[in-house]
Structure formats: C-alpha cells, structure tokens
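Structural overview for review
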Amino acid sequence: HLSLLNMEERNSAIELTLQGGLDERPASMYLEFLTQILSHPAYEQLRTTEQLGYLVNLGQRYDLGVVGLRVIVQSANHDAAYLDARVEAFLATVPKLLADLAPSEFANHKDAILKAKLEAPKTLRQESAIYWNEIAQGTYDFQRDAVDAKVVEKVTQQDIIEYWGKVFDASATGRRKISTHVYA
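Structural notes, computed from the coordinates.

Cut-offs and rules
Residues numbered from 1 in each chain as written. Predicted model: local features only at pLDDT ≥ 70, side-chain atom pairs only at ≥ 80, totals over all residues. Heavy atoms only, no water. Axes fitted to C-alpha atoms, helices over the stretch in contact; angles between N-to-C directions. Helix = DSSP H or I, 4+ residues; strand = E, 2+ residues; numbered from the N terminus. Parallel < 35°, antiparallel > 145°, perpendicular 65-115°, else oblique. Contact = heavy atoms within 4.5 Å. Core = buried A, V, L, I, M, F, W, Y, C linked by side-chain atoms within 4.5 Å. Buried < 20%, exposed > 50% of the residue type's maximum accessible area, 1.4 Å probe, protein only. Pairing = 2+ DSSP bridges. Expected span 1.5 Å × (residues − 1). Arc of directions from axis to C-beta. Phe/Tyr/Trp six-rings, centres within 6.5 Å; stacked < 30°, edge-to-face > 60°. Left-handed = near helix turned anticlockwise from the far one by under 90°. Nonpolar A, V, L, I, M, F, W, Y, C, P; charged D, E, K, R; others polar. 1 Å grid on protein atoms, 1.4 Å probe; cavity = no way out; pocket = protein on both sides within 12 Å on 5 of 7 lines; lining within 4 Å. Points joined across faces, edges and corners; volume = space filled by probe spheres on them.

Where helix α1 (residues 27–49) meets helix α6 (residues 144–154), the axes come as close as 10 Å, and the angle between the chain directions of the two elements is 70 degrees. By the angle between their directions, the pair α1 and α6 is classed as roughly perpendicular. Together, Met29, Glu32 and Phe33 of α1 and Asp148, Val151 and Val152 of α6 make up the contact between the two elements.

Time to look at the nonpolar core. Within the largest apolar cluster, 39 residues are counted, with the highest numbers of intra-cluster contacts made by Val73, Trp164 and Phe168. Take this core: its biggest share by element is nine residues, from α1.

With antiparallel pairing, four strands are arranged side by side in an open sheet as β2-β3-β1-β4. In this open sheet, the two edge strands, each paired with only one partner strand, are β2 (55–63) and β4 (177–182). Between one strand and the next, the sheet's axes are offset by a mean angle of 15 degrees, whatever the strand orientation. Relative to β4, strand β1 (residues 12–22) runs antiparallel, the two sharing six bridges. Residue pairing across strands places Leu16 opposite Ser179, the latter belonging to β4.

Omega for the bond connecting Arg25 with Pro26 falls within 30 degrees of zero, at 10 degrees, which places this linkage in the cis form. As for its position among the elements, Pro26 is in the loop between β1 and α1. Residues other than glycine seldom take positive phi values, yet Gln51 does so here, at roughly 50 degrees. In this structure, Tyr140 takes a positive phi of about 55 degrees despite not being glycine. Along the polypeptide, Tyr140 turns up in the loop between α5 (124–137) and α6.

At 3.6 residues per turn, the α-helix brings residues three or four places apart onto the same side. For helix α7 (residues 157–168), spanning twelve residues, the distance from its first C-alpha to its last is 16 Å, which sits close to the expected 16 Å at 1.5 Å a residue. Within α7, burial applies to Gln157, Ile160, Tyr163, Trp164, Val167 and Phe168. When α7 is viewed along its axis, its buried side chains cluster within an angular range of 120 degrees and face the same direction.

Counted under the stated rule, the structure contains six aromatic pairs. One aromatic cluster in this structure is built from Tyr30, Tyr163, Trp164 and Phe168.

Helix α4 (residues 103–118) packs onto α1 with a crossing angle of 115 degrees between their chain directions and a minimal axis gap of 10 Å. Remark: the crossing between α1 and α4 carries right-handed chirality. Listed contacts from α4 to Met29, Glu32, Phe33, Gln36 and Ile37 of α1 are Phe106, His109, Lys110, Ala112, Ile113 and Lys117. Its residues assigned to classes, the contact of α1 with α4 comprises six nonpolar, two polar and three charged.

This next bit is on the layout of surface pockets. Of the pockets and cavities examined, the largest pocket occupies roughly 290 Å³. Lining the largest pocket we find 18 residues, and of these Tyr62, Asn133, Glu134, Arg144 and Asp145 sit closest to its centre. Elements that contribute at least two residues to the lining of the largest pocket include exactly β2, β3 (66–75), α5 and α6. Here the lining of the largest pocket gets six residues from one element, more than from any other, and that element is α5. The class makeup of the residues in the lining of the largest pocket is five nonpolar, six polar and seven charged. The space that makes up the second largest pocket amounts to roughly 240 Å³.

See the structure below:
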C-alpha cells in the first residue's frame, strides 16, 4: 500500500456546487446572469475582505446536461468546514445583492453576456471547441449561443431574483447542494 498523503501540505479546499437543474432555457441563462453578477462580489468578500485563501472562484458547472453554480476556495489558513461556512455566509447575502443592483448595472451585465454570446469565434480551434463541447456534454445544441442571446434579451432582474429564491437560496425547498471538502 502506497500512501499519497503529503504531510507537508497545508492547503484545505472546498468545491461547493448548487445544482440548478437541467440545461434548459431560460434557467441556464439565469445561471449565467448569476455568475456574471456574483463572481466579483464573491471574490471581493471571500478573497480580499476575509482573506480566506489565494484561490477563490465562483463560476458555472456543466455536467452532462445539468447546470450548477460552483464556488471553489483553497486556503492554507482555514479548514474546509470553515470555508464552507464562509461561502454559505456569502451566499446568504445574495438576495440583498440582487435587490440592490441598480438597473444600469443589471443592463451592463446583460450587455456583457450578449456580447460574449454574439461574438464570433476568432480561430478554427475556438469554433471546433464549441461543437466538440456540445458533443462531449451530450447536449448537441449547436446553435446554443444564438438561441441563448435571444433568451438573454428577455431576462429581467426580477427573473434572476425569483430564480435565486426558488433554486439556490438556503431556504428553498428544492435546493440541492454538494460540498466536497479536502482537509490539509
């Protein structure tokens, strides 16, 4: 038996994922809005203010047609249980963050998403990656960006607030969370 345990490793980490459901519109677009809106505040709170660790990321997760909101934190100073609690504390602030978002800020987020969706691939590698990703995920939605853009145009701030409350809020009856902990 070969032990792979590194006794000198000081980093603990978590990957917390809130499952959003099937990759179906408009819900998958709501998730993109949440990622666009929350990634910077999550970084500012967890990395800059709380200084939990060097690696802090809030993003999306796509697994075989299922989407989710993912937060990753790695720390040399705190154990995984503490990191999980701090991520949950940040997530508890999201309803207020969304409610306090100025209409102009929401419009800026919408424009950023639309620009990314409508931007043509610059290289053959980028274009082929679009198709191969659809094949690998088993979704075969080869017009994804164009269809997504049409949905994004119709999304409102209230849609995002309601989606958070129904799917990701800690009080939501259908909330599905998995948190993987790695201890130093």
